[in-house]
Amino acid sequence: MSFAPKNIPVARTEKTQGRSSWGLGISLAFLFALGAFISGMQIGRGVWVSSSAQPASLFSIFSANGQTKAAIETRPDLAEFWKVWDLLEEKFVVSSSTSKQTDEERIQGAIDGLVDSYDDPYTVYMPPADAEKFSEDISGNFSGVGMEVGLRDKIITVIAPLPDTPAERAGMMAGDAIVKINGSSTEDMSIDEAVSLIRGEKGTIVELQIYREGATEFQTISITRDTINIPTVRTEQVDGTFIIALYSFNAIAESEVAKALEEYTKSGAKTLAIDLRGNPGGFLQSAVAIASYFLPAGKVVVSEDFGGGKEGEVFRSRGRQIQHFTPQNLVVLVDGGSASASEILAGALKDHGVATVIGAQTFGKGSVQELVTLDDGASLKVTVARWLTPNGTSISDGGLSPDIVISRTIEDRQNNVDPQKEAAVRFLSGKTVISESSDSIEAGE
């Protein structure tokens, strides 16, 4: 089968055999290499929380044990399932290339297919061995290449290479479509399987074949894995505008931003830009805390939508404002690598009218996963909620649209030219800025 995603040239590839269902399925998808994978409430990597529910048996899923009468009466008829089960048991002949499956393996395969039918890349069933590896991954250190990926149009896509990492140094860019990993096609590959193939021991090499928008052919990039150390915040001042670049909403992000804001107030600068480009997300708590420096107490930062008429949860500003910000003196920079917690912060400041958002459409990634442990050692990671901005915009529905659209091309990046940052500085100095999708916008409008 040919790999032919939208706007990508057709290339013949071998379809990968089998399909792994384990991995770091968490959203923001999936950081290939923070020194310690952050567990708990996490946005960019697909926020997840542990379930406090009673563990469920693997085989009880196909029985009525422990279910209420109402639940039993509304269950679908599984007669067809068992008919197919019996037909396979009766008629299937093991060939030289296959082996006879155990009942447990067949049940696990059925569950995997059921989970896949929900068509959500962050809802994943993990058999016992994979669940054990997942548990090790989120509690220990590991090496990688320093980038995060997600699914865009069902294609494994780079959300953002992180700064000063092997991925960035090798030339990976946000939006790159990963076609092959070490020669294996990513067609129909889950994010979890991609993560497992890209990660590896420090000093080893992973070879990625990618397609980059605008290119006429595929490109192969070799990256040497390493332990990843990521800066949280960097600051600079350009023509009177103070710029805070935030690279991750990690456990120290709030304190680092607080230090940067203190530096800003002492600098004498009258305008501020928060650069969230290439920031794949992190802790929800960090996004709410940082938004609190810009919003009055009680203002909605983000809400959690559980769907189905269920009551959601609202997260509000703690009211730590350092000054009164307006769209004329505060800009938030975003791009296709801004995801989850970045989208939450940008969306909150935009919706409350305290900032102008400049750059490109964000990635569009914001969901909460619950991790349920089954009593046979398997696990189910299931999406239980979506994030909405204060005005009700779904972060997962195409991302956020900037107020002023400014592109940054591959050539701009290669030549270290940054029209998005330049536009932000011009706008904050009171000059007219031309949006690529609308009429000109002036700082005073």
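The structure under discussion appears in the preceding block.
Thresholds, definitions, all that
Residues numbered from 1 in each chain as written. Predicted model: local features only at pLDDT ≥ 70, side-chain atom pairs only at ≥ 80, totals over all residues. Heavy atoms only, no water. Salt bridge = Lys/Arg side-chain N within 4 Å of Asp/Glu carboxyl O. Helix = DSSP H or I, 4+ residues; strand = E, 2+ residues; numbered from the N terminus. Buried < 20%, exposed > 50% of the residue type's maximum accessible area, 1.4 Å probe, protein only. Pairing = 2+ DSSP bridges. Right-handed = clockwise from strand over helix to strand, strands pointing away.

Caption draft 1: The pattern of salt bridges, seen in detail. Summed over all chains, the structure comprises 13 salt bridges. Note that Arg-106 is salt-bridged to Glu-89, the shortest N-O span being 2.7 Å. Taken as a pair, Arg-106 in helix α3 (residues 103-116) and Glu-89 in helix α2 (residues 79-91) lie far apart in primary sequence, 17 residues in all. Given a relative accessible area of 15%, Arg-106 falls into the buried group. Glu-89 gets classed as partly exposed once you look at its relative accessible area, which sits at 42%. The salt bridge partner of Glu-262 is Lys-266, with a shortest N-O separation of 3.2 Å. Remark: Lys-266 and Glu-262 occur in helix α7 (residues 253-267); sequence separation between them is four residues, near one turn of the helix. Classification of Glu-262 by relative accessible area gives partly exposed; the value is 43%.

Caption draft 2: The pairing of strand β13 (residues 241-246), seen in detail. Taking burial as the measure, the six residues of β13 include six buried ones, the bulk of the element. Burial of the side chains of β13 extends over both faces: Thr-241, Ile-243 and Ala-245 are buried on one face and Phe-242, Ile-244 and Leu-246 on the other. Relative to β13, strand β12 (residues 233-238) runs antiparallel, the two being bridged by six bridges. Bridge pairing in β13 places Val-233 opposite Leu-246. Hairpin geometry of β12 and β13 is characterised by an intervening segment of two residues between the two adjacent antiparallel strands and by a positive phi of about 45° at Asp-239. Sheet topology places β13 next to strand β14 (residues 271-275); five bridges connect them, and they run parallel. Across the sheet, Thr-241 pairs through a bridge with Thr-271, a residue of β14. Remark: the β13/α7/β14 crossover connection has right-handed handedness.

Treat this as a map of the structure, not an account of what it does.
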